[in-house]
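One-letter residues, chain by chain:
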Amino acid sequence: MNPVILRYEGTRPPLREFGILIPTARNRPQQILGALRADPMLGARADWLIGPDGSTVGRADLERVHDPAYVERLFGDGLEAVLLSVYELIDEHGAHHRYDPAIATRPLSGMFDGTLHGLAGTLQCGTEALRRGFCFYLGGGSHHAHYAFGHGFCVVNDSVIAIRRLQHDGEIRSAWIIDVDAHKGDGTAALTLGDESIITMSVHMAHGWPLDLPEHDADGQPHPSQVPSDIDVPIAAGEEGSYVPRLADALEQLGRYPRPDIAYVLAGADPYEHDELPSTRDLRLSLDQLYERDLRIHRFLRRLSVPQAWLMAGGYGERAWEPYPPFLAHALLHRS
Ligand SMILES: [Zn+2]
């Protein structure tokens, strides 16, 4: 079985169609696939791209990870309020913030249908990885969703939902989540705290969102975004030169944990120096550094024979597709 890219259509309609004015890439999957088809080796083959296999993720899968009361809101009348909050579309004065319902061509609630469809892709990415050794899903990576709320554009936590489903189905017992998105995988860390079957590692901007959230929430409880991952690697502004060596050290540390049955990798493009989301400007990796990042993780997992389920995760603006094709060409041409 060969390594593959998995594409689901319609999981992420442009936010603008919902009236949301956040600079997402126009169509990252299309741009990535276009670049790969132009590769002389890959362009001649058609066996590296697959689509949905009919997998579905439902309410019971969400309830295995999230607060049942929160899940009830998502499936009931509370959905629109959740989405306004998760996408930060209301400011502190109650006014619309980067949100203009007048330009919307789809209802806001329709976003959740795309989310559920997209969750099935994260699950299928895992089952394909188990069979093939490597699968890269052109979606997924909603690592900011917590037990009882979502934030940072993440409604529910897809990698944890997929892993708990695979565990429930008896496909796997243990997993690693390697998160190299620019933002800390705060929801993932909090959701898996104390769960020794899921080991988390996050390499992220040392400062800024979500680490600049208050240490305590309104009830005086520790804010769950401050929960540490099993391994955290905070990179401060100007430390880009030490990014790859520190990633290598962290992988070595991760390798001391028992070998898992699968690894999910959140390969966000938002550490890229040309990312357009203002909150990522403290981390500015070059294309070469991002390629090295992904190669190191890929080689590390291959050496341990750990099946690899990669998710696209964050990436904003016109150039957010650029970091992926070089690594994917490499991964697709090297059988596991
Ligand atoms: Zn991010």
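Along each chain, residues carry numbers from 1 onward, in the same order as the chain's sequence is written. This being a predicted model, a pLDDT of at least 70 is required before a residue's local features are given, and a value of 80 or more before pairs of side-chain atoms are given or counted; all residues contribute to the totals for chains, interfaces and linings. Side-chain metrics rest on all non-hydrogen atoms present in the structure, leaving aside hydrogens and water.

(A) Inspection of the overall build of the protein at higher detail. Secondary structure elements follow DSSP: runs of H or I of four or more residues count as helices, runs of E of two or more count as strands, with numbering from the N terminus. Looking only at helices and strands, one finds eleven helices and eight strands in the protein. Viewed in the frame of its principal axes, the protein has a C-alpha envelope of about 55 × 45 × 40 Å. Exposed residues in this analysis have more than 50% of their type's maximum accessible area, buried residues have under 20%, and partly exposed residues fall in between, with area computed by a 1.4 Å probe over protein chains only. Buried residues in the protein amount to 54% of all 336 residues. The criterion used for residue contact is that any of the two residues' heavy atoms lie within 4.5 Å. Counted over contacts in the protein with a minimum sequence separation of 6, partners at least 24 positions apart contribute 78%. For the protein, the accessible surface area stands at approximately 14000 Å², while carbon and sulfur atoms represent 50% of it. Each accessible area is a Shrake-Rupley result for a 1.4 Å probe, and residues are judged covered by the shown protein chains and nothing else.

(B) Geometry of helix H11 (residues 324-333). With respect to burial, H11 is a largely interior element, eight of its ten residues being buried. Within the sequence span of H11, burial applies to Tyr324, Pro325, Phe327, Leu328, Ala329, His330, Ala331 and Leu332. For H11, the elements touching its buried residues are strand S1 (4-6), helix H1 (28-37), helix H2 (40-43), strand S3 (134-137), helix H10 (287-303) and strand S8 (308-311).

(C) Up close: the coordination of the zinc ion. Donor criterion used throughout: N, O or S atom within 2.8 Å of the metal, extended to 3.2 Å for Na, K and Ca. Water excluded; incomplete-looking sites may result. Protein coordination at the zinc ion comes from Asp181 (OD), His183 (ND1) and Asp270 (OD), with a distance range of 1.9 to 2.2 Å. Read in sequence order, the donor residues coordinating the zinc ion give the pattern D-x1-H-x86-D. Each of the two residues, Asp181 as well as His183, counts as buried.

(D) Broad picture of the packing of helix H4 (residues 68-75) against helix H5 (residues 79-86). It is at 6 Å that the axes of H4 and H5 come closest, and there the two elements cross at 105 degrees. The angle between H4 and H5 falls in the class roughly perpendicular. Here Tyr70, Arg73 and Leu74 of H4 lie close against H5, whose contacting residues are Leu79, Ala81, Val82 and Val86. Under the grouping applied here, Gly and all other residues not named as nonpolar or charged are polar, the nonpolar ones being Ala, Val, Leu, Ile, Met, Phe, Trp, Tyr, Cys and Pro and the charged ones Asp, Glu, Lys and Arg. Residues of the contact of H4 with H5, tallied by class, amount to six nonpolar, no polar and one charged. Axes, fitted as lines to C-alpha atoms, cover a helix only where it is in contact. Angles between the N-to-C directions of the axes lie from 0 to 180 degrees. For classification purposes, angles smaller than 35 degrees are called roughly parallel, those larger than 145 roughly antiparallel, those between 65 and 115 roughly perpendicular, and all remaining angles oblique.

(E) Representation of H1 within the structure. Every buried residue of H1 is listed here: Arg28, Pro29, Ile32, Leu33 and Leu36. Along H1, the residues classed as buried sweep out an arc of 125 degrees about the axis, all on the same side. Buried residues in H1 make contact with S1, H2, strand S2 (49-50) and H11. Read the arc as the range of directions from the helix axis to the C-beta atoms.

(F) Layout of the sheet that holds strand S6 (residues 231-235). Here a strand pair is declared whenever DSSP counts at least two bridges between the two strands. Ordered by their spatial adjacency, eight strands build an open sheet running S2-S1-S3-S8-S7-S4-S5-S6, and the pairing between neighbours is parallel. Of all the strands in the sheet, just S2 and S6 have a single pairing partner and so form its edges. With respect to the sheet, helix H7 (residues 158-168) is in contact with strand S4 (175-179), strand S5 (198-205), strand S7 (262-266) and S8, its orientation differing from that of S7 by roughly 170 degrees.

(G) Up close: the environment of Asp47. You can see Asp47 is positioned in the loop between H2 and S2. Of the residues examined, Asp47 reaches a relative accessible area of 35% and is grouped as partly exposed. Once the C-alpha coordinates of Asp47 and Gly241 are considered, the two residues, 194 residues apart in sequence, prove to be 37 Å apart. Here Asp47 is in contact with Asn2 and Val4, once residues within four sequence places are set aside. N or O atoms within 3.5 Å of each other form a polar contact, as long as, within protein, one can give a hydrogen and the other can take it, and as long as residues adjacent in sequence are counted only when both atoms are side-chain atoms. For Asp47, the side chain forms a polar contact with the side chain of Arg45, separated by 2.9 Å.

(H) Expanded view of unusual backbone geometry. The omega angle of the peptide bond from Trp209 to Pro210 is 0 degrees, so this bond is cis rather than trans. Note that Pro210 resides in the loop between S5 and S6. The backbone of Arg98 shows a phi angle near 40 degrees, a positive value even though the residue is not glycine. Positionally, Arg98 belongs in the loop between H5 and helix H6 (110-132). Residue classification places Arg98 among the partly exposed positions, given a relative accessible area of 26%. The phi dihedral of Ala313 is positive, around 55 degrees, even though this residue is not glycine. Mapping Ala313 onto the fold places it in the loop between S8 and H11. We classify Ala313 as buried; its relative accessible area is 3%.

(I) Representation of the environment of Ser202. The residue Ser202 is located in strand S5 in this model. The exposure class of Ser202 is buried, given its relative accessible area of 2%. C-alpha of Ser202 to C-alpha of His183: the two residues are 19 residues apart in sequence and 8.6 Å apart in space. Those residues in contact with Ser202 that lie beyond four places of it in its chain are Asp179, Lys184, Gly185, Ser229, Ile231, Asp232 and Val233.

That is the geometry; function is a separate question.
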